[in-house]
Structure formats: C-alpha cells, structure tokens
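Descriptive analysis of the structure
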Amino acid sequence: MPKFTSLINEEKMEPMKLKIKEMFAPAKKSIVGGGVKMNVEDLEITPGGMLVQKRDSGSNQTPISIPTIKVTVKFGSSFREIHISSTASFGELKKMLSEHTGLHQEDQKLIYKKKERDSKDFLDVAGVKNGSKLVLMEDTASRERRCLETLKNAKLEKASKSITQIMSEIDKLSEQVTGLEATASSRDGKVYEKDVNNLIELLMSKYVVLDGIAVKGDLNLQKRIQERRVRMCVETLDKLNSNGKIQMPKPMRRPEADLNQRNFTQQMAVQMQRQQSGQLESVVVTTKWETFD
C-alpha cells in the first residue's frame with residue numbers, strides 16, 4: 001500500500017516539474033526587422049556598437065579584396081613607380097622607397113598635393129589613388145639628428161663597456177688588497193712595500209681612466225661607485241703603511257764584476273747619445289809636433 005501511494009504522488013509531481021523547468025529555461029527571444037524574424041543567438045554586436053547578423057565563418061564567405069594601386073614618386077630627376085595597397089600608410093610607402101632609393105626611412109619627406117604627409121597617415125584617407133604622383137625629398141635636419149643620436153648611442157655603449165671592464169679589474173685588485181690585509185693581520189704574515197706600492201699604482205691608474213669617462217645618469221652612478229671602491233682600497237693600503245705592517249726588503253749586494261759592467265754600459269750609452277746629438281767632438285791624435293821660435 002505505501003508503494004502504490006508513492007507512485008501516485010510521483011505522477012502528480014511530474015507535470016509540476018516540467019512547468020518549473022519551462023519557467024527557468026532561457027527564453028529564445030526573436031526580433032523582427034525588415035520582414036525577417038531573427039533569433040538573438042543569430043545576432044552580434046560590432047566594435048562600433050551596432051547590432052548586426054552574425055557573419056558566417058564557413059567556406060561560403062567571400063573575403064573582401066583590397067585593391068593595389070600604382071603611384072609615381074619623383075626623387076630628384078628620377079621617377080619611380082611603386083605598387084602598394086590602397087589602405088597602406090605613408091610610412092609603409094617610405095619603407096618601400098628606402099629599398100629603391102637607399103634613403104633612410106626617417107630621412108624622407110613625402111609631399112602630396114603640396115603638403116608634407118606624416119608617416120602615420122593613410123594613403124586612401126589623404127586621397128591617394130591609382131596613378132597619383134608624389135614627391136620625395138631628403139630631410140637633412142632629420143638625417144643630422146639621427147646621425148648625432150647614433151654617435152651618442154655609440155659613445156654611451158663604449159663608455160658602458162669601459163666601465164664594465166674596469167669594474168672587473170677593480171674586483172681583482174680588491175681581492176688582492178683583502179689578501180694583503182689578511183696577511184698583515186696574521187701573526188707570522190709578511191707584507192712587503194713593493195707589493196703595496198704596485199697595488200696602489202694599479203688602483204690609481206684605474207681611477208684616472210674612470211675620471212676620464214664623461215657619462216650621465218645611471219652610467220655616471222656606476223662610475224662614482226667604482227671610484228669610491230678605488231679610494232677605499234687605497235686607504236686600506238695606506239693604513240698598512242701607517243701601522244708599520246710593511247717590511248722593507250733587504251738590499252742585495254751586487255758582485256764587483258756586475259757593478260763594473262753596469263758602469264761601462266752606462267758610459268757607452270752616454271757616449272752614443274752624445275754622438276747622435278752632435279755634442280761629442282772628434283779627437284785627432286798625431287805624432288807631428290809643431291815648434292815655435
């Protein structure tokens with residue numbers, strides 16, 4: 001008996017479920033325009049905000065072909081015929097003319113109807129059609145600016161490479177300074193004056209090179225950082241000198257034969273230098289004696 005009652009209840013509830021589904025199901029609205037009834041699913045909104053019928057993406061759709069036009073461009077005493085899309089920009093035309101004339105795209109002036117045209121302007125908007133004539137001129141001011149900009153960029157690139165190279169060299173010298181400082185702080189460590197002086201000379205030479213590099217902005221900041229590193233390394237070496245941590249090397253005695261050979265070599269060098277400068281007078285020896293009454 002309970003099973004029969006449940007079946008009756010389910011039969012009564014089924015029509016109600018169908019009605020609920022119909023209430024919540026998305027309704028297909030239709031729009032009537034021009035005598036044609038269209039569903040909302042068949043419409044789309046264009047970027048301009050217009051409601052139009054959806055385009056068919058199938059193979060039956062015929063693409064719109066953009067016509068190609070031929071324009072005549074006068075450059076100096078010569079004429080060139082260029083085939084280009086009618087919807088292209090003047091910048092694209094300049095790019096094509098650069099291949100024909102060898103004139104850089106940024107150094108070109110395109111004149112159409114006695115008016116210079118911007119590279120961003122479009123041919124069809126400006127009224128350029130098939131058979132139109134244009135005049136190409138060289139923009140000398142733009143060429144000079146571009147050359148100066150190229151030289152400036154090359155100079156900055158060279159300065160950047162120089163600073164990077166010096167930075168690497170300072171890194172190596174800084175490691176040597178740290179090593180000498182650690183040796184001097186140890187109990188049995190010996191630091192010689194010659195090694196310290198050589199390091200100071202190398203560091204100062206890097207400082208001179210950095211000082212001769214004229215840069216601005218980020219490169220100037222990098223340059224100043226490296227200059228400060230050099231000064232800190234030199235100050236560290238000066239502290240070793242002031243603290244008496246440096247040992248003077250003992251002078252080595254040269255043998256007598258080496259000293260004589262060195263003196264003879266120096267005398268010969270002085271004589272040769274005088275002969276070359278014409279300061280050494282020739283001496284003539286004779287055995288004839290002149291007598292005076």
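Residues numbered from 1 in each chain as written. Predicted model: local features only at pLDDT ≥ 70, side-chain atom pairs only at ≥ 80, totals over all residues. Heavy atoms only, no water.

Regarding the overall build of the chain
What the chain contains, in helices and strands, is seven helices and 11 strands. In the chain, buried positions account for 19% of the 293 residues. Taking the contacts inside the chain whose residues are at least 6 apart along the sequence as the reference set, 55% of them involve residues at least 24 apart. Accessible surface for the chain amounts to roughly 23,900 Å². Of this, 54% is attributable to carbon and sulfur atoms. (Helix = DSSP H or I, 4+ residues; strand = E, 2+ residues; numbered from the N terminus. Buried < 20%, exposed > 50% of the residue type's maximum accessible area, 1.4 Å probe, protein only. Contact = heavy atoms within 4.5 Å. Areas by Shrake-Rupley, 256 points an atom, 1.4 Å probe, with all protein chains shown as cover.)

Section: helix H4 (residues 140-185)
Between its terminal C-alpha atoms H4 stretches 67 Å, which fits the 68 Å expected from 46 residues at 1.5 Å a residue. Ser142, Ala159, Ile163, Ile166, Ile170, Leu173, Ser174, Val177, Leu180 and Ala184 are the residues of H4 that are buried. Residues of H4 that are buried sit in contact with strand S10 (191-192), helix H5 (193-211) and helix H6 (218-242). (Expected span 1.5 Å × (residues − 1).)

Quick notes on the layout of surface pockets
In this model, the largest pocket occupies a volume close to 150 Å³. Lining the largest pocket are Lys152, Lys155, Leu156, Ala214, Val215 and Lys216. (1 Å grid on protein atoms, 1.4 Å probe; cavity = no way out; pocket = protein on both sides within 12 Å on 5 of 7 lines; lining within 4 Å. Points joined across faces, edges and corners; volume = space filled by probe spheres on them.)

A word on the environment of Arg224
Following the sequence through the fold, Arg224 ends up in helix H6. Separated by 13 residues in sequence, Arg224 and Asp211 have C-alpha atoms that sit 9.0 Å apart.

Considerations on the sheet that holds strand S8 (residues 115-116)
If you trace the five strands from one edge of the open sheet to the other, you get S6-S5-S9-S7-S8, paired in mixed fashion. Every other strand in the sheet has two partners, leaving strand S6 (78-85) and S8 as the edge strands with one partner each. Note: strand S7 (residues 108-112) against strand S9 (residues 133-138), four bridges, orientation antiparallel. Bridged to Lys109 within S9 is Met137. Contacts between helix H2 (residues 90-101) and the sheet are confined to strand S5 (68-75), S6, S7 and S9, with S6 contributing the most and set at about 135° to the helix. (Pairing = 2+ DSSP bridges. Axes fitted to C-alpha atoms, helices over the stretch in contact; angles between N-to-C directions.)

Structural notes on the pattern of salt bridges
Counting across every chain of the model gives five salt bridges. Arg146 is paired through a salt bridge with Asp107; the nearest N and O atoms lie 2.6 Å apart. Here Arg146 is found in helix H4, whereas its partner Asp107 is found in the loop between H2 and S7, with 39 residues between them in sequence. Given the relative accessible area of 25%, Arg146 is considered partly exposed. For Asp107, a relative accessible area of 2% gives the class buried. (Salt bridge = Lys/Arg side-chain N within 4 Å of Asp/Glu carboxyl O.)

Things to note about unusual backbone geometry
A positive phi is found at Lys113, a non-glycine position, where the angle reads about 55°. Take Lys113: it is sitting in the loop between S7 and S8. By relative accessible area, Lys113 is classed as exposed at 59%.

Regarding the packing of H4 against H6
At a minimum axis separation of 10 Å, H4 and H6 run at an interaxial angle of 20°. Considering their axes alone, H4 and H6 lie roughly parallel with respect to each other. The two elements H4 and H6 meet at a crossing, and its hand is left-handed. Taking contact as the criterion, the partners of Leu156, Ser160, Ile163, Met167, Ile170, Asp171, Ser174, Val177, Leu180, Glu181 and Ala184 in H4 are, on H6, Leu219, Gln222, Lys223, Gln226, Arg229, Val230, Cys233, Thr236, Leu237 and Leu240. A per-class count over the contact of H4 with H6 returns 12 nonpolar, five polar and four charged. (Parallel < 35°, antiparallel > 145°, perpendicular 65-115°, else oblique. Left-handed = near helix turned anticlockwise from the far one by under 90°. Nonpolar A, V, L, I, M, F, W, Y, C, P; charged D, E, K, R; others polar.)

Things to note about H5
Taking 1.5 Å of rise per residue, the 19 residues of H5 would be expected to cover 27 Å, and the 27 Å separating its terminal C-alpha atoms lies within 8% of that figure. If you check which residues of H5 are buried, you get Val196, Leu199, Ile200, Leu203 and Leu210. Looking straight down H5, one finds that the buried residues subtend no more than 100° of arc, so they occupy a single side. Exposed residues on H5 whose side chains face more than 90 degrees from its buried face are Lys194, Glu201 and Val208. (Arc of directions from axis to C-beta.)

A word on the nonpolar core
Judged by nonpolar contacts, the single largest core of 22 residues is most densely connected at Leu180, Leu203 and Leu237. Looking at this core, the elements that each hand over two or more residues are H4, H5 and H6. A total of eight residues in this core trace back to one element, the largest contributor, which is H4. With near-sequence residues (within four places) excluded, Leu203 lies in contact with Leu173, Val177, Val230, Cys233, Val234 and Leu237. In terms of nonpolar packing, the next biggest core, distinct from the first, is built from 16 residues, Ala88, Leu110, Leu134 and Leu136 among them. (Core = buried A, V, L, I, M, F, W, Y, C linked by side-chain atoms within 4.5 Å.)

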